[in-house]
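The lines below spell out each chain.
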Amino acid sequence: NSGQPYSEDTIRADLGEAEAQEGTVLIDAASDLRSRIKSAPSARRRPMLAAFVRERALRALGVDPGRAVDPRTPLGELGLDSLLAVELRNTLGNAVGSTLPATLLFDYPTIDTLTDYLLNDVLGLAEAAVPTSTPDRVASIEDLSDEEVEKQLAARLGKRK
């Protein structure tokens, strides 16, 4: 650098080069992601894809990836706006090697629903879908007091001995 500020043409050239390099990386990542998911044992496919979707969604939102986020929380509640929705849709589309619908994040607004859509409809691995939990069971546990949960756990652990 000669100490001169970047010209608009230089900035455009640098951006074009970076985008071209990123495009190559994304193509490689897409084939790698697809092959890793497809070659994984069926019970591991959904968790692998869910972790990938979670990481990409949180990165797009500027949320710390170490932050605990319920995969059923609508991404809009975490700050997803229309511009970020387009960015995330493009990122996920590149990662799975498919053009995703413009309404993706309106139709599938959570990490869970996005994961299921990508796994079942885009990657065609519907037989690998494993439910994460039974909503009724989770709701019934959430309604219990701490003491009730402890009693039920103690009773379960006692039965296993």
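In what follows, the structure referred to is the one given above.
Residues numbered from 1 in each chain as written. Predicted model: local features only at pLDDT ≥ 70, side-chain atom pairs only at ≥ 80, totals over all residues. Heavy atoms only, no water.

A. Fine view of the overall build of the protein chain. Of the regular secondary structure elements, the protein chain holds seven helices and zero strands. The buried share of the protein chain, reckoned over its 161 residues, is 27%. Looking at the protein chain alone, contacts between residues at least 24 apart form 55% of all its contacts between residues at least 6 apart. (Helix = DSSP H or I, 4+ residues; strand = E, 2+ residues; numbered from the N terminus. Buried < 20%, exposed > 50% of the residue type's maximum accessible area, 1.4 Å probe, protein only. Contact = heavy atoms within 4.5 Å.)

B. Structural detail: the environment of Ser-42. Residue placement: Ser-42 occurs in helix H2 (residues 42-61). Classification of Ser-42 as partly exposed rests on a relative accessible area of 40%. Placed 83 residues apart in sequence, Ser-42 and Leu-125 show a C-alpha to C-alpha distance of 8.7 Å.

C. Structural view of the packing of aromatic side chains. Enumeration over the complete set of coordinates arrives at one aromatic pair. For the ring pair Tyr-108 and Tyr-117, a centre distance of 4.3 Å and an interplane angle of 20° mean the geometry is stacked. Take Tyr-117: its relative accessible area is 14%, and that puts it in the buried class. (Phe/Tyr/Trp six-rings, centres within 6.5 Å; stacked < 30°, edge-to-face > 60°.)

D. Geometry of a negative patch on the surface. Together, Asp-146, Glu-147, Glu-148 and Glu-150 make up a region of like negative charge exposed at the surface. The topology assignment puts Asp-146 in helix H7 (residues 146-160). (Patch = residues over 30% accessible without salt bridge, like charges linked within 9 Å, V, L, I, M, F, W, Y side chains within 5 Å. Areas by Shrake-Rupley, 256 points an atom, 1.4 Å probe, with all protein chains shown as cover. Salt bridge = Lys/Arg side-chain N within 4 Å of Asp/Glu carboxyl O. Lys, Arg positive; Asp, Glu negative; His and termini not counted. Charge placed at Lys NZ, Arg CZ, Asp CG, Glu CD.)

E. Representation of helix H5 (residues 111-122) in the model. The set of residues buried in H5 consists of Ile-111, Asp-112, Leu-114, Thr-115, Tyr-117, Leu-118 and Leu-119. Of the residues flanking the end of H5, it is Gly-124, one or two places downstream, whose phi is positive at about 70°.

F. Inspection of the pattern of salt bridges at higher detail. Tallying each qualifying case throughout the model produces five salt bridges. Among the ionic pairs, Arg-72 bridges to Asp-70, the shortest N-O distance being 3.0 Å. Taking relative accessible area as the criterion, Asp-70 reaches 32% and is therefore assigned partly exposed. Via salt bridges that share partners, Arg-46, Asp-112 and Asp-116 belong to a single interconnected network.

G. Here's a closer look at helix H3 (residues 82-96). Its 15 residues place the ends of H3 21 Å apart at the C-alpha level, agreeing with the 21 Å of an ideal helix rising 1.5 Å per residue. For H3, the complete set of buried residues consists of Leu-84, Ala-85, Leu-88, Arg-89, Leu-92, Gly-93, Ala-95 and Val-96. Down the axis of H3, the buried set is contained in an arc of 165°. They therefore lie on one face. Looking at the residues trailing H3, positive phi occurs at Gly-97, about 70°. (Expected span 1.5 Å × (residues − 1). Arc of directions from axis to C-beta.)

H. Examining the nonpolar core more closely. Leu-49, Leu-75, Leu-92, Leu-105 and Leu-118 are the most contacted members of the largest nonpolar core, which has 30 residues in total. Of all elements in the fold, only helix H1 (8-39), H2, H3, helix H4 (104-107) and H5 reach the threshold of two or more residues within this core. Broken down by element, this core gets its largest block of residues, seven residues, from H2. Among all residues touching Leu-118, those that are not within four sequence positions of it are Leu-49, Val-53, Leu-92, Val-96, Leu-100 and Leu-123. (Core = buried A, V, L, I, M, F, W, Y, C linked by side-chain atoms within 4.5 Å.)

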